[in-house]
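# Fold and contact review
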Amino acid sequence: MSSVVGMDTAQKIAFLGLGGMGAPMARHLLSRGHRLTVWNRTPEKARPLARAGATVAASPAEAVRDADLVITMLADPAALRAVAEGLLPALRPGVHWIDTSTVGPDAVRELAGRLPAGVTLTDAPVMGSVDRAATGELSVLAGGDPLPGPVRPVLDALGEVTVCGPAGSGAALKLVLIAAAVGGVALTAEALRLGGVLGLPEELVRAQLARGPLAGAVARAYAGASHFPVSLAAKDVALATAHAPLPVLESVHAALTSRPDLADRDLSALRG
């Protein structure tokens, strides 16, 4: 579990976006003594955090009005833009904004260009599953070197921080890593399907794949504690393929979007 030495829990934090990853991240910060104001487009998702001690805001602007630090964990660039419309006018000089969403470097640069004077933005998307979000053991990919002083301790509370370089580099590395991860799971699913067609037992194929370079992808394909919806995986791959011709990942995206019935299921459903 990550260290929280030096973390200023007197900071007022606004946390916007309480989906599968956002909610456990916010709950973890609450458990570390932070004062949180939370907002979510679907208000019902904020109620468990209210019971844990968070203040619930009715709008993004209300959430950030008195905040020292803002954290967003949103589904895609469109959601980030929509939330930004509401909160940008309410940000005070000196506020630090950490975006942990997976939106790609273009969206980060666009947002940075709209910030009021005196407000900083750190792109810090995360890698890891819901259970790791709950225990502060994520991999945090931070763009911004150096990081603003109040930002680093909060990122440390979320997990292991890698400073990737200038602003936008965290968002860029996240696309590289998530594209590789999703592509690996899709390839594992196809290898298992081929094994089944050839009459091989699934456990035999799984065990041998797990001994090779696809070991991590095999483990993720069978992960039971994670929830990374296929629809979000497709969004992440689409963000990656928008930057370069990537024929394999374009095929992966087609596979991810060809089964609407899997959209809300975890990525491991590709094995089915």
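Here the residue index of a chain counts from 1 through its sequence in written order. Per-residue local features are limited, in this predicted model, to residues with pLDDT of at least 70; the limit for side-chain atom pairs, both in listing and counting, is 80 or more; totals at the level of whole chains, interfaces and linings are taken over all residues. Only hydrogens and water are set aside when side-chain values are computed; all heavy atoms of the structure are taken into account.

## Side note on the pairing of strand 1 (residues 12-16)
To keep it simple, the criterion reads: A simple rule labels every residue: compare its accessible area, found with a 1.4 Å probe on the protein chains alone, to the largest value its type can have, and call it buried under 20%, exposed over 50%, or partly exposed in between. Starting at the N terminus, helices and strands are each numbered in turn, a helix being any DSSP run of H or I of at least four residues and a strand any DSSP run of E of at least two. Two strands qualify as a pair provided DSSP detects at least 2 bridges between them. Note on handedness: a crossover is taken as right-handed if, strands pointing away from the viewer, the path from the first strand over the helix to the second is clockwise.
Among the five residues that make up strand 1, four are buried, leaving the element largely enclosed by the rest of the structure. Sheet analysis places strand 1 next to strand 2 (residues 35-39), joined by five bridges and oriented parallel. Residue pairing for strand 2: Lys12 is matched across the bridge by Arg35. In terms of handedness, the path from strand 1 via helix 1 (residues 22-31) over to strand 2 forms a crossover that is right-handed. Pairing analysis gives four bridges linking strand 1 to strand 4 (residues 69-72), with the strands arranged parallel.

## A short note on the pattern of salt bridges
Put simply, the rule reads: Only one rule defines a salt bridge in this text: a Lys or Arg side-chain nitrogen within 4 Å of an Asp or Glu carboxyl oxygen.
In total, this model carries ten salt bridges according to the counting rule given. Its salt-bridge partner being Glu202, residue Arg271 comes within 3.8 Å of it at the nearest N-O pair. Remark: Glu202 occurs in helix 9 (residues 202-209) and Arg271 occurs in the segment after helix 12 (247-257); sequence separation between them is 69 residues. Note that Lys235 and Asp236 form a salt bridge whose closest N and O atoms lie 2.7 Å from each other. According to the relative accessible area criterion, Lys235 is buried, its value standing at 17%. A relative accessible area of 3% places Asp236 in the buried class.

## Section: the environment of Leu111
The cut-off we apply is this: Working rule for contacts: check all heavy atoms of both residues, and any pair within 4.5 Å makes them a contact.
Within the element layout of this structure, Leu111 appears in helix 5 (residues 104-112). For the pair Leu111 and Ser31, spaced 80 residues apart in sequence, the C-alpha to C-alpha distance is 30 Å. Filtering out sequence-adjacent residues up to four positions away, Leu111 remains in contact with Leu80, Ala84, Trp97 and Leu121.

## A look at the side chain of Thr241
Basically, it comes down to this: A 3.5 Å cut-off defines polar contacts: any pair of N or O atoms within that distance qualifies, except that in protein one atom must be a possible hydrogen donor and the other a possible acceptor, and neighbouring residues in sequence count only when both atoms are side-chain atoms.
One can find Thr241 in helix 11 (residues 230-241). Here the side chain of Thr241 touches Ala238 through a polar contact of 3.2 Å, landing on its backbone oxygen. Contact partners of Thr241, with chain neighbours within four places excluded, come to Leu246, Leu249 and Glu250.

## Focus on the UniProt feature "domain: 6-phosphogluconate dehydrogenase NADP-binding" (unreviewed entry) in the chain
Here is the rule we go by: UniProt positions are given in the numbering used here, feature names are shortened, and annotations may be inferred rather than shown by experiment.
In the numbering adopted here, UniProt assigns the feature "domain: 6-phosphogluconate dehydrogenase NADP-binding" (unreviewed entry) to residues 12-164. Across residues 12-164, the secondary structure splits into 35% helix and 25% strand, with the terminal C-alpha atoms separated by 26 Å.

## Remarks on helix 4 (residues 77-87)
Defined as follows: When we speak of the arc, we mean the arc of directions from the helix axis to the C-beta atoms.
For helix 4, the set of buried residues is Pro77, Leu80, Val83, Ala84 and Leu87. Down the axis of helix 4, the smallest arc covering the buried residues is 125°, so these residues share one side. In helix 4, the exposed residues that point more than 90 degrees away from the buried face are Ala82 and Glu85.

## Brief notes about the packing of helix 8 (residues 169-197) against helix 11
Heads up, the rule is: Structural elements are reduced to axes, namely lines fitted to C-alpha atoms, with helices fitted over the stretch in contact, and the angle between N-to-C directions of any two is expressed from 0 to 180 degrees. Oblique is the label for any angle not covered by the other classes, which are roughly parallel (under 35 degrees), roughly antiparallel (over 145) and roughly perpendicular (65 to 115). Crossing handedness is defined as follows: a turn of the near helix away from the far one that is anticlockwise and smaller than a right angle gives a left-handed crossing, while the clockwise case is right-handed.
Running from amino to carboxyl end, helix 8 crosses helix 11 at an angle of 125°, the nearest separation of the two axes being 9 Å. Taken together, the axes of helix 8 and helix 11 are oblique relative to one another. Helix 11 is crossed by helix 8, and the crossing has left-handed handedness. Facing helix 8, whose interface residues are Leu175, Ile178, Ala179 and Val182, helix 11 presents Ala233, Asp236, Val237, Leu239 and Ala240.

## Thoughts on the nonpolar core
Here is a general trend for soluble globular proteins: nonpolar side chains tend to be buried in one another's company. Defined as follows: For our purposes a nonpolar core is just a set of buried Ala, Val, Leu, Ile, Met, Phe, Trp, Tyr and Cys residues, chained together by side-chain atoms within 4.5 Å.
Ranked by size, the top nonpolar core spans 30 residues in total, and within it Phe15, Met25, Leu29, Leu36, Val38, Ile71 and Leu155 carry the most contacts. The set of elements that each furnish at least two residues to this core consists of strand 1, helix 1, strand 2, strand 4, strand 8 (138-143) and helix 7 (151-158). Looking at this core, the element that brings in the most residues is helix 7, giving five residues. In contact with Leu36, other than residues within four places in its own chain, are Ile13, Phe15, Ala26, Leu29, Leu30, Ala54 and Thr55.

## What about the environment of Leu249?
With respect to the helices, strands and loops of the structure, Leu249 is situated in helix 12. Separated by 15 residues in sequence, Leu249 and Ala234 place their C-alpha atoms 9.9 Å apart. Sequence-distant contacts of Leu249, defined by excluding residues within four places in its chain, comprise Ala179, Gly183, Val237 and Thr241.

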